[in-house]
Amino acid sequence: MLNDDIFGQIQFEIMWQKKDNYFLYGKEFEITLFIQGEKDEAPTNIQKEAYISFINKKMILMSEIEEKVFEYYQTVCAEYREMYGEEADLYAPIVDEPSQLVGFVKPQSIMIPRSKDKRIINVLFKTKWDLEMGIGIQLVNERIEIVGVPVSYTHLTLPTIL
């Protein structure tokens, strides 16, 4: 257990972590915050800066993230509707605006990987349309750089919708 000046009480289980809250679509969700590192090393200054910047800009970033999730969903919706057939509206409904994804997207975790000089935040979401993979968004210096399917806590794959 470590009492960090920025992250507060964090514990080490594969990486540093703690429960945190995240807002999406006007709702508060409990998520797990992961900070990549080793047990014998505290989070780095750049990881702390990434978290502080993310928190300070969370209202603007939340809106941008909601929009990017919506844009990404528009690119995969038809495929999932076809896959779900008669149950398509339960898992992959046709939506016209980001707010209609409430209940279909849930923040799961935020991961702050190690970086030498960039403030990186990965936000991972569970989705009703893809229960196994979900969706991930990577922010670099508070700008959305990648929207796609997470392959690990530190890497996302294309497609990238920017």
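Before any of the text, the structure's been laid out above.
Residues numbered from 1 in each chain as written. Predicted model: local features only at pLDDT ≥ 70, side-chain atom pairs only at ≥ 80, totals over all residues. Heavy atoms only, no water.

Draft legend 1. Inspection of the nonpolar core at higher detail. Membership of the largest hydrophobic core comes to 40 residues, with the highest contact counts inside it found for I65, L101 and F125. Elements with a minimum of two residues in this core: β3 (15-24), β4 (27-35), α1 (45-56), α2 (58-84), β5 (105-112), β6 (120-127), β7 (135-140) and β8 (143-148). Element by element, the count of residues in this core is highest for α2, at ten residues. Apart from the residues lying within four places of it in its own chain, the contact partners of L101 are Y25, V69, F70, Y73, V95 and W129. (Core = buried A, V, L, I, M, F, W, Y, C linked by side-chain atoms within 4.5 Å. Buried < 20%, exposed > 50% of the residue type's maximum accessible area, 1.4 Å probe, protein only. Helix = DSSP H or I, 4+ residues; strand = E, 2+ residues; numbered from the N terminus. Contact = heavy atoms within 4.5 Å.)

Draft legend 2. Structural view of empty space enclosed by the protein. A complete count under the given rule lists one cavity of 30 Å³ or more for this structure. Of the pockets and cavities examined, the largest cavity occupies roughly 40 Å³. Around the largest cavity, the lining residues are A50, F54, L61, R119, I121, L139, N141 and E142. Residue composition of the lining of the largest cavity, grouped by class: five nonpolar, one polar and two charged. (1 Å grid on protein atoms, 1.4 Å probe; cavity = no way out; pocket = protein on both sides within 12 Å on 5 of 7 lines; lining within 4 Å. Points joined across faces, edges and corners; volume = space filled by probe spheres on them. Nonpolar A, V, L, I, M, F, W, Y, C, P; charged D, E, K, R; others polar.)

Draft legend 3. Geometry of α1. With twelve residues, α1 should cover 16 Å at 1.5 Å per step; its first-to-last C-alpha distance of 16 Å lies within 8% of that length. Considered for burial, the residues of α1 that qualify are I46, Q47, K48, A50, Y51, S53 and F54. (Expected span 1.5 Å × (residues − 1).)

Draft legend 4. Representation of the pattern of salt bridges. In the structure shown here, the tally under the stated rule is seven salt bridges. For R114, the salt bridge goes to E41, with nearest N and O atoms at 2.9 Å. Of the two residues, R114 sits in the loop between β5 and β6 while E41 sits in the loop between β4 and α1, which places them 73 residues apart along the sequence. Under the relative-accessibility criterion, R114 is labelled partly exposed at 37%. For E41, a relative accessible area of 37% puts it in the partly exposed group. A salt bridge links K57 to E142; its shortest N-O distance comes to 3.8 Å. Residue K57 is located in the loop between α1 and α2, and its partner E142 is located in the loop between β7 and β8; the two are separated by 85 residues in the primary sequence. Since its relative accessible area comes to 39%, K57 is described here as partly exposed. (Salt bridge = Lys/Arg side-chain N within 4 Å of Asp/Glu carboxyl O.)

Draft legend 5. Looking closely at the sheet that holds β6. The mixed open sheet is built from eight strands, whose spatial order is β1-β2-β3-β4-β5-β6-β7-β8. Among the strands making up the open sheet, the edge pair consists of β1 (2-4) and β8. Averaged over all pairs of adjacent strands, the angle between their axes in this sheet comes to 30 degrees, without regard to strand direction. Sitting on the sheet, α2 is in contact with β3, β5, β6, β7 and β8, with an inclination near 135 degrees to β7. (Pairing = 2+ DSSP bridges. Axes fitted to C-alpha atoms, helices over the stretch in contact; angles between N-to-C directions.)

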